[in-house]
Amino acid sequence: MDTQEMKIIHLYDKQPKDISVKLEKNTKGYNWEISYAGEDIEVVLARIREANKKLQEEYGGEKQ
């Protein structure tokens, strides 16, 4: 009988980082919280700026 070797590789840290947005509507308009995790601070800040710009265009933020 032939024997076979099984190899299991866990790739948890290799998964793409996702951006998380929490959007709240209140009496003054909208508020949001953006979360993104990464190792390169420039990439992290760029992704957060991009998300914030799109949210600002779509929802306008809190009205003063």
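Small disclaimer: the values here were computed from a predicted structure and weren't measured. Counting restarts for each chain: residues are numbered from 1 in the order of the written sequence. Thresholds applied to this predicted model are a pLDDT of at least 70 for local features of residues and 80 or more for the giving and counting of side-chain atom pairs; totals over whole chains, interfaces and linings are not thresholded and use all residues. Computation of side-chain values: all heavy atoms of the structure, hydrogens and water removed.

Q: So what's going on with the pattern of salt bridges? Residues and values would help.
A: What counts as a salt bridge is simple: a side-chain nitrogen of Lys or Arg found within 4 Å of a carboxyl oxygen of Asp or Glu. Enumeration over the complete set of coordinates arrives at two salt bridges. Residue K22 is joined to E24 by a salt bridge in which the shortest nitrogen-to-oxygen separation is 3.4 Å. Buried residues are those whose accessible area, probed at 1.4 Å on protein chains only, stays under 20% of the maximum for their type, while exposed residues exceed 50% and partly exposed ones sit between those limits. Residue classification places K22 among the partly exposed positions, given a relative accessible area of 46%. Judged by its relative accessible area of 39%, E24 is partly exposed. Ionic pairing is found between K54 and E50, a salt bridge with its closest N-O pair at 3.4 Å. Of this pair, K54 and E50 both sit in helix 1 (residues 41-59), separated by four residues, roughly a single helical turn. Secondary structure follows DSSP: runs of H or I at least 4 residues long count as helices, runs of E at least 2 residues long count as strands, and numbering of each begins at the N terminus.

Q: If you had to explain the pairing of strand 1 (residues 20-26) to someone new, which residues and values would you point to?
A: Note that strand 1 and strand 2 (residues 29-35) share seven bridges and pair antiparallel. Bridge pairing in strand 2 places S20 opposite S35. From the end of strand 1 to the start of strand 2, which pair antiparallel, there are two residues. Note on pairing: two strands pair once DSSP finds at least 2 bridges between them.

Q: Report on the packing of aromatic side chains, specifying residues and quantitative values.
A: Only the six-membered ring of Trp is used, alongside the rings of Phe and Tyr, when aromatic pairs are assigned; centres must lie within 6.5 Å, and planes under 30 degrees apart are stacked while those over 60 apart are edge-to-face, with the rest tilted. By the definition in use, this model includes one aromatic pair. Ring geometry for Y30 against Y59: centres 4.8 Å apart, planes inclined by 50 degrees, an arrangement best described as tilted. Of this pair, Y30 sits in strand 2 while Y59 sits in helix 1, and the two are 29 residues apart along the sequence. Exposure remark for Y30: the relative accessible area of 23% places this residue in the partly exposed category.

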